[in-house]
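# Structural characterization, general
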Amino acid sequence: MDPHGEEAGKKFELAGSKAHYAPSLVFTINHMKLEAEPDLKARTVSCSQQLEITAVQDAGELALDAVDLDVKSAAVNGKKTPFRAVSDKLTLKLAKPLKEGDRAQVSISYSAKPRKGMYFVSPDKHYPDKKPEVWTQGETVEASHWFPCIDHPLVKFSSEITVIVPEGYTAISNGRLVRTEKGRKWKYHWSESNPHPAYLTSIVAGRYTEINEGGLYYYVPPEMAHDAKRSFDRTGDMVKFFEEYLGTKYPYEKYSQVCVQDFVYGGMENSSCTTLTLDTLHDKKAHVDYTSDYLVAHELAHQWFGDLVTCRDWQHIWLNEGFATYCESLYWEASRGTDEFHYYVMQTADDYLEEAASRYVRPIVAKVYKHPDDLFDRHSYEKGGCVLHMLRSHVGDAYFRRALKTYLHRFANSTAETDDLRKVFELETGKSLQQFFDQWVYREGHPDLKVEFSQAGKTAKIKIEQAQAEPFSFALEVKMAFARGAKTYTLDISGKESAFQIPVEGDVEWFSVDPEFKILKTVSVKAPKEMLTRQLQRGATVIERVEAARALKDHSADLVVGALQKAVMADFWGVGAEAARALGSIRTESAYRALEKCLKVRHPKARRAVVKALGDFRRKETVAMLKPYMHDESYFVESEAATAIGRTKDGNVVPVLKKTAGTTSFQNVVAQGAIAGLKEFPDDKDIASFLLEKSNHGNHHRIREAATFALAKFVDNHAVVDQLKALLADSWFRVRINACRAFADAEYIKAVPELARVAEADLDHRVRRVAEECIMVIKDAAKKPKEVAQMRDELDRMKAKNLEMMQRMDRLERGLR
């Protein structure tokens, strides 16, 4: 299927999208003083603010972004001034107009009960063990819900923030801690001399244990302090790596990481003070195959890319997110080696390619959207990271590092857009890069290559077709292996079809396309199974062996099954996992028996893939085979085993799965796996009742999310439909998202009016977008002829991918920002 065609998914631009541009400025903000006193019981905040501004144009009034703020008074240069608060703007009328270049001090006293931007956590009847806490989250345009500002990344200012909290509480904000005043209430005075945009302004307050490791601060709940080291012990090493690689010192006076309850992302890179989800803290068992390193590295990298240098406008958000994503890979390369790096880059590409196949394609730089949150997808993150990997491959590592150093120094404490990056790279490398950026950044899609190989005597023939609508131009490396070594050839690809005849000295034993993954693409290779098997066995890079494993899923000969089994047991875990998936796709008896033997593979991530592949066979005998793995050393293997035994549809496993759904584990992954297994029994009314209970308040939010989506299989039950409709208005946004997804998975056409209301009115734009996409999924399914089985199977596959992408919109286990 053409991944760029109409069947690939919907357009990125939803109805109501329009072109967005950076705002024209009448004035800019140079500095902010803010004193904030949050009331954790009333869920309100009282503030006094002073802004130092400079007029960019002659101005008779000043307009600030301010949403739902109760402004008590306002003054300019010490004199009270009339003001009006309408919609999302606070406008101050100046008694004396400002001339261009004039400076002024604006003072505002106000209070607020924020619906967004500042979030309060407290115990209640459903969750009596929650701890009182408050934290802010500004990206993209939520800062103006708790302080007046120009809520756009273009405007950056230094800050002094004082936070008043109850006795015994800790308050963390941007910059260095100047002093703490302890009395009936405690005051924390923070100062950040580096300018930052409004969205990176942060306040967090609660009861924490502070861990100080040489200027690196970690704040965690006291009862979880023993788990902090597992998540944060590599932070210092990451700082040193990024400073050396980027040729730029860490730009702030301190770096803190604070773990909070109910955070709406995995992490947020507020200048000098990252906020993280409490869910990243993990126990010893989880540490077997889970790490916080990607999250910590991502948010730390943002201190350079996003904080020190900020995208000038949201359309250029990839300069923040693409860099932070690729910096994860760079740290993987430095700390874990080439194999882990190559597989990490491939997984990054897979994430983007999945979105491109199942949802939409768009240019990385896109100014037409409905809300800036729309841009926080796998195009900005993963495709952006892949394009940077391509750029590094194109110019070489030394030039790549030199250009990054120049970029960071030239735009330090300022903003940049995509052309600024291109011009710096051209300056430092001497290369013309306009075509590169035009193709990979300003144009949608990627090459979809169909490769055919043959040999006639001493001539190797390679035919390459670009199956997408418009061809890309790029250099493609092809490696051919002979009895006495291998040679890599560089082919210039430009048109829809390219044919090459290459003189060779002997028989080509195997060949690989793009052995170092220098080009973002999809590729299918038409080659004999013997060649692919030799590539799997002898490929020098993980990339070559993974590509071979993926290609072999279409072959079922004993030769292939044996080679895949050996790869699972003996190769790098990523190759082993891919080989297990290929065996799961082959679906023959020999493949099944090979997977049974592969259960003994030592690496838990490879073992997880084996368990999942066995579940794909849906055979009842799998139950006895996998029951021991319900008590594995890895939570994730246990979770996959629970799902897999459910997929057998053996009614005897239902009591086991119900019991497992009541267990507690890291992020409740085991219980989630059991719930995914239970949804395989759509005719069991008792399971429907069980899942209804699990979707209620009082259960952990991850349990509720899993149960909500599982209810899709039970929509013939009126109580289930009523519950899903109620969950569309739930207090937890991911439950609302999964209620939307459940209706889409069930293709429940009667839910469209309710979904339309969510798409129109939900407070969280992420939920709105998912609701709109789910409406499209439901309506498209209703148009398709039910009697065409093959079409239905394909639709179900694409729908499942689409819904999975919606669920993983925040990068699934990572949830990065």
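Residues numbered from 1 in each chain as written. Predicted model: local features only at pLDDT ≥ 70, side-chain atom pairs only at ≥ 80, totals over all residues. Heavy atoms only, no water.

It is worth spelling out the sheet that holds strand β25 (residues 448-456) at this point. In spatial order, the strands read β29-β26-β25-β31; together these 4 strands make up an open sheet with mixed pairing. The open sheet has two edge strands, β29 (497-503) and β31 (522-526), and neither has a second partner. Geometrically, the sheet is characterised by an average inter-axis angle of 20 degrees between neighbouring strands, direction not taken into account. Where strand β26 (residues 459-466) and β29 come together, 7 bridges link them in antiparallel fashion. Bridged to Lys-461 within β29 is Gln-501. (Pairing = 2+ DSSP bridges. Helix = DSSP H or I, 4+ residues; strand = E, 2+ residues; numbered from the N terminus. Axes fitted to C-alpha atoms, helices over the stretch in contact; angles between N-to-C directions.)

Within strand β21 (residues 273-277), 5 of the 5 residues are buried, which leaves the element mostly enclosed by the surrounding structure. The side-chain alternation of β21 yields two buried faces, one formed by Cys-273, Thr-275 and Thr-277 and the other by Thr-274 and Leu-276. By the bridge criterion, 5 bridges tie strand β19 (residues 255-260) to β21 in an arrangement that is parallel. Each residue of the ladder has a partner; that of Gln-257, found in β21, is Thr-274. Taken together, the 2 bridges between strand β20 (residues 267-268) and β21 define a ladder with antiparallel strand orientation. Bridged to Gly-267 within β21 is Leu-276. The antiparallel hairpin formed by β20 and β21 contains 4 residues in its connecting segment, where Ser-272 sits at a positive phi of about 70 degrees. (Buried < 20%, exposed > 50% of the residue type's maximum accessible area, 1.4 Å probe, protein only.)

Inspection of helix α20 (residues 685-694) places Ile-687, Ala-688, Phe-690, Leu-691, Leu-692 and Lys-694 among the buried residues, and these make up the whole buried set. Contacts made by the buried residues of α20 are with α18 (654-660), α19 (669-678), α21 (701-710) and α22 (718-727). Where α20 begins, the capping side chain belongs to Asp-684, and its oxygen is found 2.9 Å from the backbone nitrogen of Asp-686. (Contact = heavy atoms within 4.5 Å. Polar contact = N/O pair within 3.5 Å; in protein donor to acceptor, adjacent residues only side chain to side chain.)

Counting residues in hydrophobic clusters, the biggest one holds 277 residues, and the most contacted among them are Phe-147, Phe-242, Trp-318, Tyr-407, Met-480, Phe-511 and Leu-564. Each residue touching Met-480, except ones within four places of it in the same chain, is listed here: Phe-453, Ala-460, Ile-462, Gly-485, Ala-486, Lys-487, Tyr-489, Ile-502, Val-504, Val-508, Trp-510 and Phe-511. (Core = buried A, V, L, I, M, F, W, Y, C linked by side-chain atoms within 4.5 Å.)

With 14 residues, helix α13 (residues 573-586) should cover 20 Å at 1.5 Å per step; its first-to-last C-alpha distance of 20 Å lies within 8% of that length. Counted residue by residue, α13 has 12 buried out of 14 residues, so it is predominantly covered. Taken together, the buried positions of α13 are occupied by Trp-573, Gly-574, Val-575, Gly-576, Ala-577, Glu-578, Ala-579, Ala-580, Ala-582, Leu-583, Gly-584 and Ile-586. Check the buried side of α13 and you find it contacts α5 (338-358), α10 (529-538), α11 (542-551), α12 (558-570), α14 (589-598) and α15 (604-616). (Expected span 1.5 Å × (residues − 1).)

Before going further, it helps to examine the packing of aromatic side chains. This structure, assessed with the given rule, holds 37 aromatic pairs. Judged by centre distance (4.9 Å) and plane angle (70 degrees), the rings of Trp-135 and Phe-263 are edge-to-face. Of this pair, Trp-135 sits in strand β11 (residues 133-136) while Phe-263 sits in the loop between β19 and β20; the two residues are 128 residues apart in sequence, bridging distant segments of the chain. For the pair Trp-135 and Phe-263, one class covers both residues: buried. Aromatic pair Tyr-343 and Phe-572: ring centres 6.1 Å apart, planes at 80 degrees, arrangement edge-to-face. With Tyr-343 in helix α5 and Phe-572 in the loop between α12 and α13, this residue pair connects regions lying 229 residues apart in the sequence. Overall, the relative accessible area of 2% leaves Tyr-343 in the buried class. Residue Phe-572 is classed as buried on the basis of its relative accessible area of 14%. Cluster of aromatic residues (ring-pair linked, three or more members): Phe-241, Phe-242, Tyr-245, Tyr-250, Tyr-252, Tyr-255, Trp-304 and Tyr-331. Positioned over the ring face of Phe-472 is Arg-443, at 3.7 Å from the centre of the ring. Over the aromatic face of Tyr-592 sits the side chain of Arg-619, whose NZ or CZ is 3.9 Å from the ring centroid. (Phe/Tyr/Trp six-rings, centres within 6.5 Å; stacked < 30°, edge-to-face > 60°. Lys NZ or Arg CZ within 6 Å of the ring centre and 35° of its normal.)

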